[in-house]
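# Chain and residue survey
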Amino acid sequence: MKLNKQDILKALETISAPGEGQNMVESGAVTNVVTFADEVIVDITITNPSLQAKKKTEVEIMKTIHDIVYEKAKITVNVKVDAPTKSVPNVIKGKAIPGIKNIIAVASGKGGVGKSTVTANLAVTLAKMGFKVGILDADIYGPSMPIMFDVELERPLAVNVDGKSKMRPVENYGVKILSIGFFTKPDQAVVWRGPMAAKALNQMIFDAAWGELDFMLLDLPPGTGDIHLSIMQSLPITGAVVVSTPQNVALADAKKGVAMFQQESINVPVLGIIENMAYFTPEELPDNKYYIFGKEGAQNLAEDLKVRFLGELPLVQSIREAGDVGRPAALQTATPLEQAFEKLTQNIVEEVVRRNDNLPPTEAIKITTMAGCSAVKK
């Protein structure tokens, strides 16, 4: 007997697809029917992923065609499962730290671009503006904040908070600081695997008496690795600032740093890009600018990525010297450096206010699959 496609479709209209109110033809579950002599092939897509639903669909189609159309028909049923994925909200998750209003991650794709120096100077500038500020030195393997704030020999003390013993951050220049550098000797290397480093960070985050803070700055390590994911799983980051130099090698890594925060499973707002070591001006030639690492590279990158260019900082010997002696350069008064850091900090505060006005509060990300550990496609 020669089978007719229309007869097959009419027979299939008597069956409902699993999970559908309509019959499997009207609902669009049946995607194709092919007949040839006494053979028929039915392609169907169902949303129920269970093996039982798949088998039931196959049996019902075969039985219906045999009963209604032709009892000796040779039937092939191809069942495809297209289960809708449940949307897991990866933006608003995790727990916040009571009393901390804004958490700003300062990151860089590449090491050696001055990220820690920028973080220290942003912190003291915010403190000078009257904000309550803290720094969490999340660069476990290269902690530098104790040196930059001249508190290398200090140690966090234990205080009692609501019946629990917590660490009191070390404070200098109006900035509260916690760093793994407080718990190691100057010549001691931190040789830890990722889980150990993440545990230490969590202790400095949640077992510390930070008190009331307007801004907590996170000095992240270079790159886009395990520490970054651990931090973003633990804390509700308000936004991220990426530091880069103008040269192409640094810009390539800065682009990856921005892409990390913008990845769908992370989705932390990027407040902008800072260009550090933008140009060199000799002390004896204050009107001259030498673009040693290239010109306006980070500014052009910000335009390409459609994020704000927060400002540029010159390559000045006194910034390095100030960091080495533990007194950040932004503490200087009535100098071009002070003005540069003030402008930069004002731009960041503006972006934080704009972000808080236009976006819902961010909480720590929750990575439920390997999606958060994959290469970022941009």
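Residues numbered from 1 in each chain as written. Predicted model: local features only at pLDDT ≥ 70, side-chain atom pairs only at ≥ 80, totals over all residues. Heavy atoms only, no water.

### Points about the pattern of salt bridges
- Enumeration according to the criterion identifies eight salt bridges in this entry.
- The salt bridge partner of D214 is K101, with a shortest N-O separation of 3.4 Å. Placement of the pair is D214 in strand β10 (residues 213-219) and K101 in strand β4 (residues 100-107), with a sequence separation of 113 residues.
- Note on D214: relative accessible area 16%, which makes it buried.
- Note that R308 and E350 form a salt bridge whose closest N and O atoms lie 3.2 Å from each other. Here R308 is found in the loop between α8 (297-305) and β13 (309-312), whereas its partner E350 is found in helix α10 (residues 336-358), with 42 residues between them in sequence.
- Given a relative accessible area of 39%, E350 falls into the partly exposed group. (Salt bridge = Lys/Arg side-chain N within 4 Å of Asp/Glu carboxyl O. Helix = DSSP H or I, 4+ residues; strand = E, 2+ residues; numbered from the N terminus. Buried < 20%, exposed > 50% of the residue type's maximum accessible area, 1.4 Å probe, protein only.)

### Some points on the confidence of the model for the protein chain
- Summarising the model, the protein chain shows a mean pLDDT of 80, and 84% of its residues fall at 70 or more.
- Under a pLDDT of 50 for its full length, residues 85-94 has, in the predicted model, 18 contacts with residues more than four places off or in other chains.
- Below pLDDT 50 for its whole length, residues 367-378 participates in 16 contacts with residues either more than four positions away or in separate chains. (pLDDT = per-residue confidence, 0-100. Contact = heavy atoms within 4.5 Å.)

### Things to note about unusual backbone geometry
- Look at D150: it is not a glycine, yet its phi comes out positive at around 55°.
- If you trace the backbone, D150 turns up in the loop between α4 (145-148) and β6 (157-161).

### Considerations on the packing of aromatic side chains
- Applying the stated rule across the entire model yields three aromatic pairs.
- Taking 5.1 Å as the distance between ring centres and 90° as the angle between the ring planes, the aromatic pair formed by F131 and F215 counts as edge-to-face. With F131 in the loop between α3 (115-128) and β5 (133-137) and F215 in strand β10, this residue pair connects regions lying 84 residues apart in the sequence.
- The class for F131 is partly exposed, based on a relative accessible area of 28%. (Phe/Tyr/Trp six-rings, centres within 6.5 Å; stacked < 30°, edge-to-face > 60°.)

### Let's talk about α3
- Given a rise of 1.5 Å per residue, 14 residues ought to cover 20 Å, and the 20 Å separating the end C-alpha atoms of α3 matches this to within 8%.
- Downstream of α3 by one or two residues, G130 has phi in the positive range, about 105°. (Expected span 1.5 Å × (residues − 1).)

### As for the pairing of strand β11 (residues 239-244)
- Across the six residues that make up β11, a large majority, six, are buried.
- Alternating residues of β11 divide into G239, V241 and V243 and A240, V242 and S244, and every residue in both groups is buried.
- Inspection of the sheet shows β11 paired to strand β12 (residues 270-275) by five bridges, in the parallel sense. When the sheet's bridge partners are listed, V241 is paired in β12 with G272. (Pairing = 2+ DSSP bridges.)

### Details of the environment of K295
- Relative to the elements of secondary structure, K295 occurs in the loop between β12 and α8.
- For the pair K295 and T245, spaced 50 residues apart in sequence, the C-alpha to C-alpha distance is 9.4 Å.
- Excluding anything up to four places from it in sequence, K295 contacts P246 and N300.

### Description of the sheet that holds β5
- If you walk across this open sheet you meet the eight strands as β8-β9-β5-β10-β4-β11-β12-β13, and the pairing is mixed. On the outer flanks of this sheet lie β8 (170-172) and β13, each paired with one strand and no other. Averaged over all pairs of adjacent strands, the angle between strand axes in this sheet comes to 25°, irrespective of strand direction.
- Against the sheet, α8 touches β12 and β13, its axis set at about 160° to β12. (Axes fitted to C-alpha atoms, helices over the stretch in contact; angles between N-to-C directions.)

### What to know about the sheet that holds strand β3 (residues 74-81)
- Strand order in the open sheet formed by three strands is β1-β2-β3, with mixed pairing between adjacent strands. Single-partner strands in this sheet number two, and they are β1 (30-36) and β3. Put simply, the sheet's adjacent strands are angled 10° from each other on average, direction ignored.
- Bridge count for β1 against strand β2 (residues 39-46) is six bridges, and the pairing is antiparallel. Bridge pairing links V34 to I41 in β2.
- Sheet strands in contact with helix α1 (residues 5-12) are β1 and β2, and its direction is about 140° off that of β1.

### Some words on the side chain of T245
- Tracing the sequence through the fold places T245 in the loop between β11 and α7 (248-262).
- When its relative accessible area of 2% is taken as the criterion, T245 is described as buried.
- With residues near it in sequence (within four places) discarded, T245 still touches V113, A250, L251, N276 and M277.

### Describing a negative patch on the surface
- Taken together, E296, E303, D304 and E312 make up a surface patch of like negative charges.
- Summarising the element assignment, E303 is placed in helix α8. (Patch = residues over 30% accessible without salt bridge, like charges linked within 9 Å, V, L, I, M, F, W, Y side chains within 5 Å. Areas by Shrake-Rupley, 256 points an atom, 1.4 Å probe, with all protein chains shown as cover. Lys, Arg positive; Asp, Glu negative; His and termini not counted. Charge placed at Lys NZ, Arg CZ, Asp CG, Glu CD.)

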